[in-house]
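# Breakdown of the fold
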Amino acid sequence: MPANLPPEAKAKFAKYMEAKTPEEKLEALKEFIASVPKHKGTENLLYWARRRMAELREEVEERRRKKVGGRGPTFFVEKEGAAQVLLVGLANSGKSMLLSRLTRAKAAVSSVPYSTRVPVPGMLMYEDVQFQLVEAPSLIPGGGGWNNKVVGMAKNADALAIVLDASSDPLEQLKVILKILGDGGVVVKKPRGMVFIEKVRTGSGIQVIVNGALEGCTIDDIRRILESYRIFSAIVKIYGRVTLDDVEESLFSARVYKPAVVLLNKVDLVNDVETVVNSLRKFVGSDIPIIPTSAVMGAGLDALGKTIFELLDLIRIYTKPPNGKPSDKPLVVKRGTTVLEVAKLIHSRLYKDFAYARIWGPSAKYPGQKVGADHVLEDGDVVEIHTKR
């Protein structure tokens, strides 16, 4: 996907990308599907287009209900804390009890399937860092219901915690969950390469930023393929190893990678936990952590905070004013963050007038080391920023 689309189909897809409203996008996708040749090479593309049409119809219907005064449950949860982690799983996997034990949130714990109908947030403490855990309504095997909305929540979250019932074929549960997420464009296995295309104002051209390597193509090839879809102004960010087909596919699939941890819950009901974990590990590989837990017994819960912290590759930075004390609350940032980036997070004036910084902690050669803007920080560093005035 895609497979040598004719110019007419590319023009119809350009019309879809330029559409503003769900109604306009729906009409443009109908025209696009009609113009795509029907053969084995376009099966996945047509599947994507029809699925996208179903999502748009749902959005149109939801807007219609709101206009006539109808009110439905909202599936949007505003982010709080250092990161938002979505608890996803099938019915009766124990998500509500896990959320209650981990965060003390008032989740409705029930043996009745699908009793959670709206997202429920809570805050998980890991040392001096807070993570927002959000329990999503249970995914429904076979599709339908609120699956699309839960997948939308997954796209917005920073990471996923996939909850499995260890006593009821957890490997099959995991396959079902990953299929639902994957069909919606969410992947949890880190791909060898990813492409992000951001359309910008006309006149700025196509800028390609490569953080990895291009395989079998050049930057000019990328510009030409985008221009064939009438994209003349965009920023293209490439991570890992990417082919020209990957660039073209990114226009359609809108895949997003989300780091994930598997919570194998209800291990108190299983005799041979190690065998179950090994079967899951064989399926997901080494990139996805697996934590055996029991919400009822409270087992394994202490490991989640540290796992999330490491999974998202975060570090804590403590700021201090000149001649003052370090802050009690850290700035939580991605590993690889520089001193200048921290200055920008604190205040625009510190960023614009930055002169130098003094560092105490793991990245300093000695306490109070004077460093420049490009100094890379490490977890636990204390930063004192000095300005030109």
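Summarised in this report is the structure supplied together with it. Everything numeric here is computed off the predicted structure, so don't read it as measured data.

Criteria and thresholds
- Residues numbered from 1 in each chain as written.
- Predicted model: local features only at pLDDT ≥ 70, side-chain atom pairs only at ≥ 80, totals over all residues.
- Heavy atoms only, no water.
- Helix = DSSP H or I, 4+ residues; strand = E, 2+ residues; numbered from the N terminus.
- Buried < 20%, exposed > 50% of the residue type's maximum accessible area, 1.4 Å probe, protein only.
- Contact = heavy atoms within 4.5 Å.
- Areas by Shrake-Rupley, 256 points an atom, 1.4 Å probe, with all protein chains shown as cover.
- Lys, Arg positive; Asp, Glu negative; His and termini not counted.
- Charge placed at Lys NZ, Arg CZ, Asp CG, Glu CD.
- Salt bridge = Lys/Arg side-chain N within 4 Å of Asp/Glu carboxyl O.
- Core = buried A, V, L, I, M, F, W, Y, C linked by side-chain atoms within 4.5 Å.
- Pairing = 2+ DSSP bridges.
- Axes fitted to C-alpha atoms, helices over the stretch in contact; angles between N-to-C directions.

What the chain contains, in helices and strands, is 12 helices and 16 strands. Burial statistics for the chain: of 389 residues in total, 43% are counted as buried. Within the chain, residue pairs in contact and separated by at least 24 positions form 67% of the contacts whose partners lie at least 6 positions apart. Of the roughly 20300 Å² of accessible surface on the chain, a fraction of 51% belongs to carbon and sulfur atoms. Across the chain, the mean location of the 58 positive side-chain charges is 4 Å away from that of the 46 negative side-chain charges.

Attention shifts here to the pattern of salt bridges. Counted according to the given criterion, the structure contains 14 salt bridges. For the salt bridge of R224 with D221, the shortest nitrogen-to-oxygen distance reads 2.5 Å. Pair noted here: R224 and D221 are both in helix α7 (residues 219-228), with a separation of 3 residues, about one helical turn. Given a relative accessible area of 22%, D221 falls into the partly exposed group. Its salt-bridge partner being D379, residue R316 comes within 3.0 Å of it at the nearest N-O pair. Residue R316 is found in strand β12 (residues 314-319), and its partner D379 is found in the loop between β15 (369-371) and β16 (381-387); the two are separated by 63 residues along the sequence. Taken together, the shared-partner salt bridges in this structure form one network comprising E127, D128, R316 and D379.

Quick look at the nonpolar core now. The biggest cluster of nonpolar side chains holds 36 residues, and the ones touching the most others in it are L86, L160, I162, L164, L174, L181 and L264. Residue assignment for this core shows that the elements contributing at least two residues are β1 (84-89), α5 (147-156), β4 (159-165), α6 (170-183), β10 (260-265) and α9 (273-284). Ranked by residue count, the leading element in this core is α6, at 5 residues. Beyond its immediate sequence surroundings of up to four residues, I162 is in contact with V88, L174, I177, L178, A260, V261, V262 and L263.

On to the sheet that holds strand β2 (residues 120-126). The 6 strands lie next to each other as β2-β3-β1-β4-β10-β11, forming an open sheet whose pairing is mixed. Edge strands, defined here as strands with exactly one partner in the open sheet, are β2 and β11 (290-292). Across the sheet, the axes of successive neighbouring strands diverge by a mean angle of 25°, strand direction being ignored. With 7 bridges joining them, β2 and strand β3 (residues 129-135) adopt antiparallel strand pairing. Directly across from P121, in β3, lies its bridge partner V134. Helix α4 (residues 95-103) contacts β1, β2, β3, β4 and β10 of the sheet and is inclined by roughly 45° relative to β2. In this fold α9 packs onto β4, β10 and β11, with an angle of close to 165° to the strand it touches most, β11.

So, to be careful, I would describe these as geometric facts and stop short of saying anything about function.
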